[in-house]
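Given next are the chains, with one letter for each unit.
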Amino acid sequence: MSIMGTRVVRVEDPVFLTRGATYTDDLTDERLTGALHLTLVRSPIAHATITSIDVEAAREAPGVVAVLTGADIDLEAPLLFAGAPKQMVRPWLATERVRFVGEPVAAVLTEERYQGPDAAELVDVDYEPLPAVVDVREALKDENLLFPDAGTNTCSVYNKEDPDPDFFADCEVVVTREIINQRVAAASLETRAASAAWGDDGRCTLFVSNQNAQGARDEVAGWLGVDASQIHVILPDVGGGFGAKIGADPEFALVAWLARHTGRPVRWSESRSENMTGMVQGRDQRQTITIGGSRDGRVKAYRLDVIADAGAYPRLGVFLPVFTRMMAPGTYDIEKVDSRATVVVTNTTSTAAYRGAGRPEATSAIERAMDLFAAEIGMDPAEIRKINVVAPEKFPFTTKGGVEYDSGEYAKAIDLALEASDYATLREVQKARRERGDAKQIGIGVSSYVEITGGGAFAENASLEVHADGTALVWTGTSPHGQGHATAWAMLASEQLGIPVDKITVRHGDTDHVPRGGGTMGSRSLQTGGVAVHQASLELIDLAKARAAEILEASVEDLEVDTANAAIVVRGAPGSPTVSFAQLAEREELKVQTVFDGKKATFPFGSHVAVVEVDTETGKVTVERIWAVDDAGPVLNPLLCEGQRHGGIAQGIAQALLEEVVFDPDGQPLTATFADYGFPSAAELPSFDLVTMETPTPINPLGFKGIGEAGTIGSAPAVQSAVVDALSHLGIRHIDMPTTPLRVWEAIQDAVKEDG
Amino acid sequence: MIPVGFDYARPDSVDGALALLAEHGEDATVMAGGHSLLPVMKLRLAAPELIVDIGRLRELNYIRVDGDEVAIGAGTRHHDVETSELLATEVPLLPAVARTVGDPQVRHRGTLGGSLAHGDPASDLPAAVLALDATIVLRSPRGERSVPATEFWTGVFTTAKEPDELIVEIRVPRTGTAGWAYEKFTRRANDWAIVAVAVVDGRVGLVNMGSTPLRASATEAALAEGKSIADAAALADEGTEPPTDTAGTPDYRRNLARVLTRRALETAAGR
Ligand SMILES: Cc1cc2nc3c(=O)[nH]c(=O)nc-3n(C[C@H](O)[C@H](O)[C@H](O)COP(=O)(O)OP(=O)(O)OC[C@H]3O[C@@H](n4cnc5c(N)ncnc54)[C@H](O)[C@@H]3O)c2cc1C
């Protein structure tokens, strides 16, 4: 019986649930014996010139081994995003100017961890405040520059062509609106951490919490100016990343540099407060959407203008509008699509990837546009979507966003979601509540989405080795941090070899064992690394057959795998001699290494229907139900897949309702604790209704697409749309995310006022 | 998130604790559940030199009927208030309010006395105690005194308690099971209230509508005059000075106070 598609229970959980995971800060590795503890002095001001830094008192504090400022560090300050103006480098420790609250200014090294904060308080920094640039429109004016040498706050412009004034000329109806896709924090429960030790061989062992060991190694080596072979990155268990742990943080290299400088291992683990200003944040796009078409519901032209916030130092966030532009038309077959994006720096935390990374921004924009257009012509939001989606016979479909959608049945996904939710009945309930004038109204939101997975690195490697004791070992270049690869990869190998899942160990995140690898991000793992494990299994079988042929004195063509016994047998010859993988391994190492290259990205899609209740007297929104069709091709393990969808849907709902990183006009963060930052718990979420749909992709032999981000991308627009829909009878057409009680209540007040 | 260093003492009696407070004056800080104190220490917003831990003093942990009142030891955990069978029949408002505090971990640590002493206007229990017309019993080496809840809170995080005094007991009138309700408005289940309203016997306590827990006096007066619930509730925000933060503007909070008061009064009327 095939193991594929079955609910194999996660093999990683017994340890997580009993002994607990071992995160970077938990390590008791002997290489870290005698480590110093790093405490960073961080700027309390968003924008200022530093007039002096006095570290003398701190040097005298108990346990202090060294206190360093930027002047002590002989490394070139790194540009954290290659395409940004070269002046926008981030100092290792700020010396002349600070550009966001939380920017490191001095490094304190102490014998014991608890001594660090006391000493750090004694570092005396004089700041002369500068006007803070917090709003992207302010930044665009270039009146206050973060990097005067650069001469501008703009760090990137995508599509410099002026918009065509006649773009919407043949549209009967045109609707335009500025909307905000707000900034959110990844808020991974494990904060950032790094530990470094240099060996006598001149190599650095660097333990970090990250989504990609090999990428982190290359970046850190580059920053330190050493060869990548000199850095050995090891990822212990990683407690959540959500995109914010893609790529190395400059702190990692600083830790390694300090370890070399002091000749002692150095450990660093940030506090929650530091994490909420220091770790990269996500989204943050100001979007202007303009949509035009005819009164019969046909959309003809769509334009998306984006101003994105890179934060103080350009990082991956500068790139993400590229994804947003690619995915601008969403699931729709629109004649004319135009988009442009400008990315600016502001005196805030840097931005980078966050679950969906550029695609949710595109989806929310087009979905809001569809709703606005539907409202304008008085059409049902589900109907308008079905009229405009790409027809199934058009695949592979090259979009006006310039990408090729591999496979999809978008209208079918919408129909499945409508059917599951009994959409028509929901509308009846809504109508009845409106007629009664209830204080609590309901709203229904429909989203249709398509996204890119495996959009970065298309290739991934895997090695597979069977041991004489019948166990197997998989090394993968992907890098799980909660997803369940140990279970999934073992299933893929088990399916082919017949070795039971509990005898297959999956390892990752050690650059000495896996020198190459793309890590886990962009929902790429299964369709690249998973397929590589599948391919490695087939190659291992070929190798085994070649060896078995001699032993069994049969030709390779006559051999097959007996998965019940994890052995090679002669086809159609019951009772004849067999040889197991374990026996083969006993004679000679049985190991393969392979690279699978899909050469392209895949495009999972789906449709969500959300029902919310809005208390019109208080503005409070409660998500009552959400039905989600998330089609990522065949499902390897429904348990893992549902877990990804649940988490994704939760994060999408969170963005729609609750989460927002807020800075005051001086650039002070107002949401830097978990009491203030609104991420939800299970109590704020309904049970999710998951609807199955599986459309394979042709680009890999197993038909897999990625599922990691789909839920987030589909749920946020459905829920936002539902909130607006609940209030549409008041003339409300849009409320920005997060649709907090305050914001919803204010929208109602404004609508009522306008009416009166 | 590492506090400034401090000394730690765990006296084995209230008298022992009082002696330490008398000896160390303002340098000493009492810790009960630690769930308000430790967060501010970890953020380095407070740096007491000596922590006097009263969290394990059993003599402060009780709930018993005493004449017309229920006497509750200051060290009683929120969880014990929440699950008290005695309170469920004598003063059901208190368990209902305690149930809304934070999450189960917080409720197993935090104490009633700590919550009142901390004096956060966004806390739940102070407004309930205020609406109940309770009495707060303070003890110091100078003796014991009782302060009506209406006079206990004097400003944000400040109370009528002297530094050498401990709250030892809270005395609450036995209300019976009728006429009470608690409406707490939050974004998330385990948040502090954006606004909350406690109603008992026609008295109304407001959470997070000013620098201290408040009584909605205008509403109470209107009810006493026999006005309708709707009319009385419309006055709930009179005389308040609600704060501004990311969760709410003063206008929004005023609206919430009126809506929640109406809802709480309606629920109370049905009980
Ligand atoms: C995550 C989290 C969520 C929370 N959510 C809520 C919420 O929703 N609603 C809410 O109301 N509260 C909430 N709290 C606060 C919680 O209820 C606290 O436990 C309570 O406010 C303080 O009680 P404590 O016993 O922990 O006091 P401690 O932290 O020990 O002390 C607080 C202050 O009171 C003083 N003190 C304590 N006991 C006495 C005494 N007997 N006599 C004199 N002074 C004393 C201390 O010196 C200190 O100044 C939350 C706390 C946390 C950590």
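Residues numbered from 1 in each chain as written. Chains lettered and ligands numbered in written order. Predicted model: local features only at pLDDT ≥ 70, side-chain atom pairs only at ≥ 80, totals over all residues. Heavy atoms only, no water.

Asks: Can you help me understand the pattern of salt bridges in this one?
Replies: Within this structure, the stated rule accounts for 69 salt bridges over all chains. Salt-bridge contacts for D118(A) lead to R44(B); the nearest nitrogen and oxygen are separated by 2.7 Å. Placement of D118(A) in helix α3 (residues 115–121) and of R44(B) in the loop between α2 (37–42) and β3 (50–53) is noted, with the two residues assigned to different chains. With relative accessibility at 19%, the residue R44(B) sits in the buried group. Between R107(B) and E82(B) there is a salt bridge, with the nearest N and O atoms lying 2.9 Å from each other. With R107(B) in helix α6 (residues 104–109) and E82(B) in helix α3 (residues 78–83), the pair connects residues that are 25 residues apart, well separated along the chain. On the basis of relative accessibility, which here comes to 15%, the residue E82(B) falls in the buried class. (Salt bridge = Lys/Arg side-chain N within 4 Å of Asp/Glu carboxyl O. Helix = DSSP H or I, 4+ residues; strand = E, 2+ residues; numbered from the N terminus. Buried < 20%, exposed > 50% of the residue type's maximum accessible area, 1.4 Å probe, protein only.)

Asks: Can you walk me through the sheet that holds strand β27 (residues 621–631) of chain A in this structure?
Replies: The pairing of strands in a sheet happens through backbone hydrogen bonds and is either parallel or antiparallel. Residue and element names in this part refer to chain A. As summarised here, the arrangement of the 4 strands in space is β18-β26-β27-β28, forming an open sheet in which the pairing is mixed. A strand with exactly one partner marks an edge of an open sheet, and here the two such strands are β18 (440–450) and β28 (688–691). Each neighbouring strand pair of the sheet contributes to a mean axis angle of 15 degrees, computed without reference to strand direction. In terms of strand pairing, β18 meets strand β26 (residues 605–615) through 11 bridges, oriented antiparallel. (Pairing = 2+ DSSP bridges. Axes fitted to C-alpha atoms, helices over the stretch in contact; angles between N-to-C directions.)

Asks: Explanation requested: the domain arrangement of chain B in the structure shown.
Replies: Residue and element names in this part refer to chain B. By the assigned domains, chain B splits into domain 1 (7–53), domain 2 (58–173) and domain 3 (180–269). Its C-alpha centre places domain 1 at a distance of 19 Å from the equivalent point of domain 2. The interface is formed by 14 residues belonging to domain 1 together with 17 residues belonging to domain 2. For the domain 1 and domain 2 pair, buried surface summed over both sides reaches about 1,200 Å², with 75% attributable to carbon and sulfur atoms. It is V14, L18 and H35 in domain 1 that bury the most area against domain 2; as a group they hold 44% of the surface buried on that side. One can count 0 salt bridges joining domain 1 with domain 2. Along the contact surface separating domain 1 from domain 2 lie 1 residue pair in polar contact (both at pLDDT 80 or more). In the side of domain 1 that touches domain 2, the residues fall into 7 nonpolar, 4 polar and 3 charged. (Domains from an automatic or database assignment. Contact = heavy atoms within 4.5 Å. Buried area = accessible area lost by both parts, 1.4 Å probe. Polar contact = N/O pair within 3.5 Å; in protein donor to acceptor, adjacent residues only side chain to side chain. Nonpolar A, V, L, I, M, F, W, Y, C, P; charged D, E, K, R; others polar.)

Asks: Would you mind going over helix α11 (residues 410–421) of chain A with me for this structure?
Replies: All names here are of chain A. For α11, built from 12 residues, the straight-helix expectation of 16 Å at 1.5 Å per residue is met to within 8% by its first-to-last C-alpha distance of 17 Å. Against the buried residues of α11 lie α10 (381–388), β17 (404–405), α12 (423–436), β18, β26 and β27. Phi for D422, located one or two positions after α11, is positive at around 50 degrees. (Expected span 1.5 Å × (residues − 1).)

Asks: How should the pairing of strand β7 (residues 154–158) of chain A be read in this particular structure?
Replies: Each regular strand displays side chains that alternate between the two surfaces of the sheet. Residues and elements named next belong to chain A. Burial analysis of β7 places 4 of its 5 residues in the buried class, the great majority of the element. Where β7 meets strand β15 (residues 336–345), 4 bridges bridge the pair, whose relative direction is antiparallel. Residue pairing across strands places V157 opposite T342, the latter belonging to β15.

Asks: Explain the site of the ligand to me, please; I cannot follow it from the model alone.
Replies: All names here are of chain B. Within the structure, the ligand sits among 30 residues, and V30, A32, G34, T111 and D124 are positioned closest to it. Taking S36, its main chain carries an N or O atom lying 2.8 Å from an oxygen atom of the ligand. At 3.0 Å, a backbone N or O of G102 approaches an oxygen atom of the ligand. Expressed as a share of its isolated accessible area of 960 Å², the protein-covered part of the ligand is 90%. Listed by contribution, the elements that provide at least two residues to the shell around the ligand are β2 (28–31), α7 (112–118) and β10 (166–173). (Near = heavy atom within 4 Å. Areas by Shrake-Rupley, 256 points an atom, 1.4 Å probe, with all protein chains shown as cover.)

Asks: Honestly, the nonpolar core in this entry has me stumped. Any pointers?
Replies: Nonpolar side chains in soluble globular proteins tend to be buried together. All names here are of chain A. Of all hydrophobic cores here, the largest spans 79 residues; its most connected members are Y302 and Y405. With 9 residues, helix α9 (residues 359–377) is the largest single contributor of residues to this core. When we break this core down by domain, the ones giving at least three residues each are domain 2 (34–130) and domain 3 (281–453 + 601–755). Counting 44 residues, the second-largest nonpolar core is a separate cluster that includes L464, M491, A532 and A566. (Core = buried A, V, L, I, M, F, W, Y, C linked by side-chain atoms within 4.5 Å.)

Asks: Teacher, can you tell me more about the interface of chain B and chain A here?
Replies: The accessible area lost on association of the parts is a frequent measure of interface size. Tallying the contact residues gives 23 residues for chain B and 29 residues for chain A. Taking both partners together, chain B and chain A bury about 2,100 Å²; carbon and sulfur atoms supply 57% of that area. Our enumeration of links across chain B and chain A arrives at 5 salt bridges. Among the ionic pairs, R263(B) bridges to E617(A), the shortest N-O distance being 2.6 Å. Across the chain B-chain A interface, the total number found is 13 residue pairs in polar contact (both at pLDDT 80 or more). No other element matches the 7 residues that helix α12 (residues 250–269) of chain B contributes to the side of chain B that touches chain A.

Asks: Looking at this model, I keep getting lost on the domain arrangement of chain A. Mind explaining?
Replies: All names here are of chain A. Parsing chain A into structural domains produces domain 1 (1–33 + 192–269), domain 2 (34–130), domain 3 (281–453 + 601–755) and domain 4 (455–597). One C-alpha centre belongs to domain 3, the other to domain 4; they are set 39 Å apart. In total, about 1,400 Å² of surface goes out of reach between domain 3 and domain 4, with carbon and sulfur atoms giving 69% of it. For the domain 3 face of the interface with domain 4, the top three residues by lost area are L636, L640 and L702, together amounting to 34%. In this structure, the connection of domain 3 to domain 4 is made through 0 salt bridges.

Asks: Would you mind going over the environment of G311(A) with me for this structure?
Replies: All names here are of chain A. With respect to the helices, strands and loops of the structure, G311 is situated in strand β14 (residues 299–311). Between the alpha carbons of G311 and V450 there is a distance of 28 Å; along the sequence they are 139 residues apart. Look past the residues within four positions of G311 in its chain and what remains in contact with it is R183, V344, V345, T346, T348, T349, S350 and T351.

Asks: Hey, could you run me through helix α14 (residues 525–552) of chain A in this one?
Replies: Along an α-helix, a turn takes 3.6 residues, which lines up residues three or four apart on a common side. End to end, α14(A) covers 38 Å across 28 residues, agreeing with the expected 40 Å (1.5 Å per residue, within 8%). Of the residues trailing α14(A), E553(A) is marked for its positive phi of about 50 degrees.

Asks: When you look at the packing of aromatic side chains in this model, what are you seeing that I'm missing?
Replies: The relation between two aromatic rings is expressed through the spacing of the ring centres and the mutual angle of the planes. Scanning the model with the defined rule gives 13 aromatic pairs over all chains in all. Pairing Y405(A) with Y410(A) gives two aromatic rings, centres 6.3 Å apart and planes at 75 degrees, and the pair type is edge-to-face. Taken together, the ring pairs connect F395(A), F397(A), Y405(A), Y410(A), F603(A) and F605(A) into an aromatic cluster. K620(A) extends its terminal NZ or CZ atom over the ring of F185(B), reaching a point 5.5 Å from the ring centre. Seen from the ring of Y62(B), R64(B) lies directly overhead, with NZ or CZ sitting 3.9 Å from the centre. (Phe/Tyr/Trp six-rings, centres within 6.5 Å; stacked < 30°, edge-to-face > 60°. Lys NZ or Arg CZ within 6 Å of the ring centre and 35° of its normal.)

Asks: Help me understand a negative patch on the surface in this model?
Replies: Residues E746(A), D750(A), E754(A), D755(A) and D251(B) make up a contiguous surface patch of negative charge. As for its position among the elements, E746(A) is in helix α18 (residues 741–755). (Patch = residues over 30% accessible without salt bridge, like charges linked within 9 Å, V, L, I, M, F, W, Y side chains within 5 Å. Lys, Arg positive; Asp, Glu negative; His and termini not counted. Charge placed at Lys NZ, Arg CZ, Asp CG, Glu CD.)

Asks: Just checking my understanding: could you explain a nonpolar patch on the surface for this structure?
Replies: Residues and elements named next belong to chain A. Together, V15, F16 and L17 make up a nonpolar patch on the protein surface, roughly 280 Å² of accessible area in all. Secondary-structure assignment places F16 in helix α1 (residues 13–17). For F16, a relative accessible area of 34% translates into the label partly exposed.

Asks: Looking at this structure, how should I read the sheet that holds strand β6 (residues 135–140) of chain B?
Replies: All names here are of chain B. Ordered by their spatial adjacency, 5 strands build an open sheet running β4-β5-β10-β6-β7, and the pairing between neighbours is antiparallel. Since the sheet does not close on itself, it has two edges, and those belong to β4 (63–66) and β7 (143–148), each with one partner. The sheet shows a mean angle of 25 degrees between the axes of neighbouring strands, direction not considered. Bridge analysis of β6 against β7 gives 6 bridges, and the strand direction is antiparallel. Directly across from R139, in β7, lies its bridge partner E144. On the sheet, helix α1 (residues 14–24) packs against β6 and β10 and is oriented at approximately 125 degrees with respect to β10.

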